[in-house]
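A structural walkthrough
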Amino acid sequence: MGSHTGALAVEIRGAAKRYGGSGGFVAVDHVDLAVRAGRVHGLLGPNGAGKTTTLKMLLGLVRPTEGTFSILGEPTGPSVRARVGFLPEQPYFPPLLTAEEVLRLHGRLAGIDSAQIASRGRDLLARVGLEGRGTTRLSKYSRGMLQRVGIAQALIAEPEVVVLDEPASGLDPVGQRDIRNLMLELRDGGVTVLLSSHQLSEVEAVCDEVTILNQGRVSAKGAIDDLLNVAGRTSIRARGASTTLPAEIQALMEDVAVSGSVWVFSVPDTAVRAVVDILDDNGWTIESVVPKRQSLEEYFSHMLETTEGEVA
Amino acid sequence: MGRVLAIAVSVVSDAIRRRILWVVVLFALVLVAVVPMLPSYGQGVIEAVYREVALALVYVAAIVIALVLAASRIPSEVERRTVYTVLVRNVRRWEYVVGTWLGITLTLAVASVVFGAIVFATGWLVYGEPMWTLGQGVLSIWMEAAVVAAFCVAVSTVASPVIVAVSALAFLFLTHVRTDLLGGPSNPLWAFYPSLDVFNIIAPVAHGSGVTAAYLGVMTFTFAGWAGALLVLAAIAFARRDV
């Protein structure tokens, strides 16, 4: 398992999908995507942005109208897909089969021998929290349990690249946490993860880089920090006995939030040292000083508002 | 071939747990069991009538099973997205299509063996003679049902289960009316008309001593030709399709 960090594990160039001929609906409009090996890359966007269609073109489920697709340096095709694991959105399996049978099928399709399939299957079911449930028919599984089976089948062939389409869909908070941890474990093991999601907190928690799609086009891409850090401002979190901050810094503050005795606000980078000194002199405790970062939710809604404005 | 077999095994595992399959089998077998109780058999033809009626029931049951399993398999796998995790492996579209058909055909074989065993055992118990030619009859029925399954798989790569079922019934009808439409082999179109009549050996099995080994060879060749041609069409259609 694992690939050379720095090389591209997934590369999409000029991907386009048009339904209904030249005047038809454009689902994906010349999307470029590059995922470096050993990274967790988020593909982000609202419903209908073209995320799933892009992934389906990459994996050969949908025929692209235009574009080139490569995985681990090879044009995508059946042979390179042997090194890829895929979890579709809301995975569903034949309900009369058991989890063990599903893993056996996918293990055999991946060319793994029977003995290995059995041992890997047991390990994977334990890893996704389904230990002892392998012989239960899937018709008796909850949606969250099916999601876990889907994750197990995606990992059965020890893939070098894992593509996850809305992996937290249908999972409770504990399950969502498990998925996040799993993605980080995979990354630590050298596996490249391409994560499609509209759950921004999930993306923010695990992704090194993101590509944001909107209306079938790439709206933004880059490292999470580069996209979210607000240039020129620093966020300060301070705790104090007073109900108001010293008057001399109030003119510098923006984005003020107060909870009990804790204040969080941002100031210009150039004023950080002075502000910290003033707070210190007035008996405040500085809890953190970090570059101001907007949440992905804030970034995303701002971006969508801008796009809608442009369209209007 | 390993991937085709893996898909086929998965299809069989799923299909043999479907209640509808065993309801059809049970229903057909109950009817077979009551055939000997029917009145008005002429002296000396009672065994022949039993064979004819039993094979007709097996035929209907096998075709129903083929339709039930094959008409909805691919559409429901695409609809429910179960096909995604299979096709993103190193699996060619044709392997998926052939594996699906093979699984359905193996399931039909299991059902046919059950049918054959019960029909044979009932005949032997009731009439006191082993009716070995029933094996030929069941084999021909299985082959025809497998061809129908191939037709259903081919159409189902581009159509919904209802359209598949209706078109399969039309296919069955049209492939059995060659004699009615063309008269006989003297008609110049006779050789070109698509027909499944070769599988209809109920008369020689029920009323005669069965068919020759050579005829079984022709039947097998026809089966392979039909199934192969339909699966090629299915693979081409499915390969061009977005899922």
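Residues numbered from 1 in each chain as written. Chains lettered and ligands numbered in written order. Predicted model: local features only at pLDDT ≥ 70, side-chain atom pairs only at ≥ 80, totals over all residues. Heavy atoms only, no water.

This part is about the overall build of chain B. Along its length, chain B carries 10 helices and 0 strands. Seen in sequence order, chain B has helices and strands lined up from the N terminus as α-α-α-α-α-α-α-α-α-α. Scaling as 2.2 N^0.38, a compact globule of 243 residues should have a C-alpha radius of gyration of about 18 Å, and chain B matches this with 19 Å. The principal-axis extents of the C-alpha atoms in chain B amount to approximately 60 × 45 × 30 Å. For chain B, the residues scored as buried account for 53% of the 243 residues in total. Partitioning the intrachain contacts of chain B with sequence separation of at least 6 by distance along the chain shows that 78% fall at a separation of at least 24. Entry remark: accessible area of chain B is about 10,700 Å², with carbon and sulfur atoms responsible for 73%. Of note, chain B has its 14 positive side-chain charges centred 15 Å away from the centre of its 11 negative side-chain charges. (Helix = DSSP H or I, 4+ residues; strand = E, 2+ residues; numbered from the N terminus. Rg over C-alpha atoms; globule rule 2.2 N^0.38 Å. Buried < 20%, exposed > 50% of the residue type's maximum accessible area, 1.4 Å probe, protein only. Contact = heavy atoms within 4.5 Å. Areas by Shrake-Rupley, 256 points an atom, 1.4 Å probe, with all protein chains shown as cover. Lys, Arg positive; Asp, Glu negative; His and termini not counted. Charge placed at Lys NZ, Arg CZ, Asp CG, Glu CD.)

Moving on to the interface of chain A and chain B. The interface of chain A with chain B comprises 35 residues on the first partner and 31 residues on the second. For the pair chain A and chain B, the number of links is 2 salt bridges. Across the chain A-chain B interface, the total number found is 15 residue pairs in polar contact (both at pLDDT 80 or more). For the side of chain A that touches chain B, the secondary structure elements donating two or more residues are β1 (8-19), α1 (51-59), α2 (78-81), β6 (84-87), α3 (99-109) and α5 (143-155) of chain A. (Salt bridge = Lys/Arg side-chain N within 4 Å of Asp/Glu carboxyl O. Polar contact = N/O pair within 3.5 Å; in protein donor to acceptor, adjacent residues only side chain to side chain.)

Residues and elements named next belong to chain A. We note that the domain assignment places domain 1 (8-226) and domain 2 (230-296) within chain A. Contacts between domain 1 and domain 2 engage 6 residues on the former and 4 residues on the latter. Taking both sides of the interface into account, the surface hidden between domain 1 and domain 2 amounts to around 440 Å²; carbon and sulfur atoms contribute 59%. Where the side of domain 1 that touches domain 2 is concerned, the elements lending two or more residues are α7 (200-206) and α8 (224-228). (Domains from an automatic or database assignment. Buried area = accessible area lost by both parts, 1.4 Å probe.)

Here we take up the packing of aromatic side chains. One pass over the structure, following the stated rule, counts 9 aromatic pairs over all chains. Pairing W263(A) with W284(A) gives two aromatic rings, centres 6.3 Å apart and planes at 80°, and the pair type is edge-to-face. Taken together, the positions of W263(A) in strand β13 (residues 262-268) and W284(A) in the loop between α10 (272-281) and β14 (285-293) put the pair 21 residues apart, joining distant regions of the chain. Across this residue pair, the class does not change: W263(A) and W284(A) are buried. Grouped by ring-pair contacts, the aromatic residues W101(B), W142(B) and F223(B) constitute a single cluster. If you follow R93(B) out to its NZ or CZ, it ends over the ring of F238(B), 5.2 Å from the centre. Cation over ring: R178(B) sits above W190(B), and NZ or CZ is 4.0 Å from the ring centre. (Phe/Tyr/Trp six-rings, centres within 6.5 Å; stacked < 30°, edge-to-face > 60°. Lys NZ or Arg CZ within 6 Å of the ring centre and 35° of its normal.)

Bringing the side chain of R178(B) into the picture now. All names here are of chain B. The residue R178 is located in helix α8 (residues 178-182) in this model. Buried and unpaired, R178 has no salt bridge, with D197 as the nearest side chain of opposite charge at 4.4 Å. Setting aside its immediate chain neighbours within four residues, R178 contacts G183, W190, Y193, S195 and D197.

Attention now moves to α10(A). All names here are of chain A. Those residues of α10 not exposed but buried are V272, V275, I278 and L279. Each buried residue of α10 sits inside an arc of 130° when the element is viewed along its axis, so together they form one side. In α10, the exposed residues that point more than 90 degrees away from the buried face are R273, D280 and D281. At the C-terminal side of α10, G283 shows a positive phi close to 85°. (Arc of directions from axis to C-beta.)

Another point: the environment of L138(A). All names here are of chain A. Residue position: L138 is located in the loop between α4 (114-127) and α5. L138 gets classed as buried once you look at its relative accessible area, which sits at 3%. The contacts of L138, once residues within four sequence positions are left out, are F93, P94, P95, L97, T98, A99, V102, L146 and V149.

Another point: α4(A). Residue and element names in this part refer to chain A. Between its first and last C-alpha atoms α4 spans 20 Å; for 14 residues at 1.5 Å apiece the expected length is 20 Å, and the two agree. Every buried residue belonging to α4 is among I117, R120, G121, L124 and L125, and all of these are buried. Axial view of α4: buried residues confined to an arc of 130°, hence all on one face. For α4, exposure combined with an orientation more than 90 degrees from the buried face picks out A115, R122 and D123. The N-cap residue of α4 is D113: its side-chain oxygen and the backbone nitrogen of A115 are 3.2 Å apart. (Expected span 1.5 Å × (residues − 1).)

A word on a nonpolar patch on the surface. All names here are of chain B. Taken together, L26, V30, V34 and M37 make up a surface patch of nonpolar side chains, about 400 Å² in accessible area. For V30, the location among the structural elements is in helix α2 (residues 19-34). Among the residues examined, V30 registers a relative accessible area of 45% and is labelled partly exposed. (Patch = residues over 30% accessible without salt bridge, like charges linked within 9 Å, V, L, I, M, F, W, Y side chains within 5 Å.)

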